[in-house]
Amino acid sequence: MKTDDTGKVTRWGFVDDWPMWDTWVYDAGGSFTDNVKHPTKWTLASDPDTLKGLQFRADLMNKYKVMLPPAGLAAMGGSGTSDMFVNGSTAMFLSGLWKTPQFRGIKDFKWDIAMLPKAPNGFRAFSTGGSGYGILKTSAHKKEAWELIKFISGEEGAKRLAATGLAQPALMSVSNSPLFLDGQDPQNKKMVLDAMKYVKYNPMCKNWFEVHDSIIGPELDKVWNGTETPAEALDKLKPALEQNPPDTAKP
């Protein structure tokens, strides 16, 4: 972190694209449920490694003060954290490969990507996701839509996606080809292929986003703002999570 003569921060050490606290839970070896594919209970509030991950993120803001806290981000108005990386007001930025087209416009400094560091216990993991395509049952052009889906999910579509630098193609034959590993920035792009063995998926239950965004998120906001410790937040979350167990009922 850098400051000017008045003590005002001119460059933060680290920011994330949005509150990506899940990443630190996974990277510390923590968990959300007892079983990702067939969850029966939430383990977030009782997993000691989850606590370590949340404590690490909180310390970046409130103890070491190298990460922009939510209040600081709100004071910036409409400026996003990716803009901070582009203009050099943060040294590190956590997000996904989809930022590549934007960052290739950077002219003032060299940039690259790296894998998350291992936790002190040697563990390494991070959240992931993917893009899926579907057809509305109300679509008036199902046949044409199906042809489009076949194209963008097939080899030719994957090649065109790779050429944009926007995302990692699902077809490994394309991801390992010069179309994706094109020699442009980021130079360390092959890292995302190696990272696949460390990815973690969200719990497969219908109420995951409701619990994540409406129950867990607001309580952890107090942690990031420095008004509550991670341990206090998890203790408060225990009864709420017990009252809202993972919903795996079939439709």
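Before reading further, recall that the structure is shown in the block above.
Reading guide: rules and limits
- Residues numbered from 1 in each chain as written.
- Predicted model: local features only at pLDDT ≥ 70, side-chain atom pairs only at ≥ 80, totals over all residues.
- Heavy atoms only, no water.
- Helix = DSSP H or I, 4+ residues; strand = E, 2+ residues; numbered from the N terminus.
- Buried < 20%, exposed > 50% of the residue type's maximum accessible area, 1.4 Å probe, protein only.
- Contact = heavy atoms within 4.5 Å.
- Lys, Arg positive; Asp, Glu negative; His and termini not counted.
- Charge placed at Lys NZ, Arg CZ, Asp CG, Glu CD.
- Pairing = 2+ DSSP bridges.
- Expected span 1.5 Å × (residues − 1).
- Bend = angle between axes of the 7 residues up to and from the residue.
- Salt bridge = Lys/Arg side-chain N within 4 Å of Asp/Glu carboxyl O.
- Core = buried A, V, L, I, M, F, W, Y, C linked by side-chain atoms within 4.5 Å.
- Phe/Tyr/Trp six-rings, centres within 6.5 Å; stacked < 30°, edge-to-face > 60°.
- Lys NZ or Arg CZ within 6 Å of the ring centre and 35° of its normal.

### Things to note about the overall build of the protein
For step 1, the next point in the chain: In terms of helices and strands, the protein carries eleven helices and five strands.
For step 2, the next point in the chain: Across its three principal directions, the C-alpha atoms of the protein cover 55 × 55 × 40 Å.
For step 3, the next point in the chain: A total of 251 residues make up the protein; the buried ones form 37% of that total.
For step 4, the next point in the chain: A separation of at least 24 residues holds for 61% of the contacts in the protein among residues at least 6 apart in sequence.
For step 5, the next point in the chain: Distance between charge centres in the protein, computed from 30 positive and 29 negative side chains, equals 5 Å.

### Here we look at the sheet that holds strand S3 (residues 90–94)
For step 1, the next point in the chain: Read from one edge of the open sheet, three strands run S1-S2-S3, paired in mixed fashion. Either end of the sheet is taken by a strand with one partner, and the two such strands are strand S1 (2–3) and S3.
For step 2, the next point in the chain: Of the pairings in the sheet, the one linking strand S2 (residues 9–16) to S3 comprises four bridges and is parallel in character. In the sheet register, aspartate 16 faces S3, and the bridge partner there is leucine 94.

### Description of helix H11 (residues 230–243)
For step 1, the next point in the chain: Compared with the 20 Å implied by 1.5 Å per residue over 14 residues, the 20 Å span of H11 between its first and last C-alpha is a close match.
For step 2, the next point in the chain: Roughly 35° is the biggest bend found in H11, and it falls at leucine 237, with proline proline 239 one to four residues downstream.
For step 3, the next point in the chain: Within H11 the residues assigned to the buried category are Pro230, Ala233, Leu234, Leu237 and Leu241.

### Observations regarding the pattern of salt bridges
One side chain can pair with another of opposite charge once the charged atoms of both are near each other.
For step 1, the next point in the chain: Within the structure shown, the criterion is met by 13 salt bridges.
For step 2, the next point in the chain: Taking the shortest distance from any N to any O, the salt bridge between glutamate 228 and lysine 236 comes out at 2.8 Å.
For step 3, the next point in the chain: Owing to a relative accessible area of 9%, glutamate 228 belongs among the buried residues under this scheme.
For step 4, the next point in the chain: Among the ionic pairs, lysine 238 bridges to aspartate 235, the shortest N-O distance being 3.5 Å. Remark: aspartate 235 and lysine 238 occur in helix H11; sequence separation between them is three residues, near one turn of the helix.
For step 5, the next point in the chain: Taken together, the shared-partner salt bridges connect Arg104, Asp182 and Lys189 into one network.

### Considerations on the pairing of S2
For step 1, the next point in the chain: Taken together, the two bridges between S1 and S2 define a ladder with antiparallel strand orientation. Note that in S2 the partner of threonine 3 across the bridge is valine 9.
For step 2, the next point in the chain: From the end of S1 to the start of S2, which pair antiparallel, there are five residues, and glycine 7 there has a positive phi angle of about 95°.

### With respect to unusual backbone geometry
For step 1, the next point in the chain: Following aspartate 185, the chain continues to proline 186 via a peptide bond in cis, the omega torsion being 5°.
For step 2, the next point in the chain: By the secondary structure assignment, proline 186 is in the loop between helix H8 (172–175) and helix H9 (191–194).
For step 3, the next point in the chain: One non-glycine residue, lysine 65, lies in positive phi territory at about 55°.
For step 4, the next point in the chain: With respect to the secondary-structure elements, lysine 65 resides in the loop between helix H2 (48–62) and helix H3 (70–75).

### Quick look at the nonpolar core
For step 1, the next point in the chain: Counting 41 residues, the largest nonpolar core has Trp21, Ile216, Leu220, Trp224 and Leu241 as its most contacted members.
For step 2, the next point in the chain: Listed by contribution, the elements that provide at least two residues to this core are helix H1 (21–27), H2, helix H7 (155–164), H9, helix H10 (208–224) and H11.
For step 3, the next point in the chain: It is H10 that provides the largest number of residues to this core, a total of seven residues.
For step 4, the next point in the chain: Dropping the residues within four chain positions of it, tryptophan 21 is found in contact with Phe32, Leu54, Arg57, His212, Ile216, Leu220 and Trp224.

### A word on the packing of aromatic side chains
For step 1, the next point in the chain: A complete count under the given rule lists 13 aromatic pairs for this structure.
For step 2, the next point in the chain: Geometrically, the ring pair formed by phenylalanine 32 and tryptophan 208 is edge-to-face, given 5.1 Å between the ring centres and 85° between the ring planes. Of this pair, phenylalanine 32 sits in the loop between H1 and H2 while tryptophan 208 is found in helix H10, placing the two residues 176 residues apart along the sequence.
For step 3, the next point in the chain: Overall, the relative accessible area of 2% leaves tryptophan 208 in the buried class.
For step 4, the next point in the chain: With a centroid separation of 6.1 Å and an interplanar angle of 35°, the aromatic rings of tryptophan 42 and tryptophan 208 are classed as tilted. Residue tryptophan 42 is found in the loop between H1 and H2, and its partner tryptophan 208 is found in helix H10; the two are separated by 166 residues along the sequence.
For step 5, the next point in the chain: By relative accessible area, tryptophan 42 is classed as buried at 12%.
For step 6, the next point in the chain: Ring-pair connections join several aromatic residues into one group, and the members of that group are Trp21, Tyr26, Phe32, Trp42 and Trp208.
For step 7, the next point in the chain: Its guanidinium or amino end placed over the ring of tryptophan 224, arginine 57 lies 4.5 Å from that ring's centre, counting from NZ or CZ.
For step 8, the next point in the chain: Stacked on the ring of tyrosine 198, the Lys or Arg arginine 124 has its end atom at 5.5 Å from the ring centre.

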